[in-house]
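What the coordinates show
Read off the chains here:
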Amino acid sequence: HSALALMWTTGAAIGLFIIDRTGATQELEGWLFGYILTISDQDLWTSFIVSALMLITVVIFQRPLLLMLFEPDVAASVGVPVRFLHYLLVTLFVLALVSSLQAVGAILATSTLVAPWTLVEGDDKRFARIKVIRTLCQRLKEALNRNNKS
């Protein structure tokens, strides 16, 4: 997760440097940081549906996901479809990222997926605690973002 964040940040920095040097006059602030006032009802419904889909998936596959995330070899040996669950999680993360881009921007959307896991991954392997800490971190980021937009 940390390597992904580092690669994304480096790529974004290089891209901004190139755009600055070429004299392009594109409006990057809205793409990077989002603009909540441009969200339509359809965007809100899309975010709601993606969130509901993620919640339902995690509830249905909680035990296999728990085993797969912390012991993938053991999960595979007891018949858990590790590859399917991996691709399912990646698909859900991409849907969450895309559905939140307009509201929060590329930087916050990416950090919302990467930062909470990076914060707690090395300290505690209990799934329930990680979920609580991750959710609290996300809510704090959202609150700070709303305050910065006003």
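Summary of the structure given here.

Calculation criteria
- Residues numbered from 1 in each chain as written.
- Predicted model: local features only at pLDDT ≥ 70, side-chain atom pairs only at ≥ 80, totals over all residues.
- Heavy atoms only, no water.
- Helix = DSSP H or I, 4+ residues; strand = E, 2+ residues; numbered from the N terminus.
- Buried < 20%, exposed > 50% of the residue type's maximum accessible area, 1.4 Å probe, protein only.
- Areas by Shrake-Rupley, 256 points an atom, 1.4 Å probe, with all protein chains shown as cover.
- Patch = residues over 30% accessible without salt bridge, like charges linked within 9 Å, V, L, I, M, F, W, Y side chains within 5 Å.
- Salt bridge = Lys/Arg side-chain N within 4 Å of Asp/Glu carboxyl O.
- Contact = heavy atoms within 4.5 Å.
- Core = buried A, V, L, I, M, F, W, Y, C linked by side-chain atoms within 4.5 Å.
- Polar contact = N/O pair within 3.5 Å; in protein donor to acceptor, adjacent residues only side chain to side chain.

Another aspect to go through is the overall build of the protein. Looking only at helices and strands, one finds seven helices and zero strands in the protein. Tracing the protein from N to C terminus, the helices and strands come up as α-α-α-α-α-α-α. Relative to its full complement of 150 residues, the protein shows a buried share of 22%. Of the roughly 10600 Å² that the protein leaves accessible, carbon and sulfur atoms contribute 67%.

Looking now at a nonpolar patch on the surface. Residues Ile14, Phe17 and Ile18 make up a contiguous nonpolar surface patch of about 300 Å² in total accessible area. With respect to the helices and strands, the residue Phe17 is situated in helix H1 (residues 2–22). The partly exposed category is assigned to Phe17, whose relative accessible area is 49%.

Attention shifts here to the side chain of Thr57. Along the chain, Thr57 falls in helix H3 (residues 41–60). Contact partners of Thr57, with chain neighbours within four places excluded, come to Leu65, Leu88 and Leu92.

Turning to the nonpolar core, a few remarks are in order. Generally speaking, nonpolar side chains in soluble globular proteins are found buried as a group. In terms of nonpolar packing, the biggest core is built from six residues, these being Leu65, Met68, Ala75, Val80, Leu85 and Leu89. Ignoring sequence-local partners within four residues, the contact set of Leu89 consists of Leu65, Met68 and Leu69.

Right, let's get into the side chain of Ser99. One can find Ser99 in helix H6 (residues 82–121). In this structure the side chain of Ser99 is engaged in a polar contact, spanning 3.2 Å, whose partner is the backbone oxygen of Ala96. Setting aside its immediate chain neighbours within four residues, Ser99 contacts Thr46, Ser47 and Val50.

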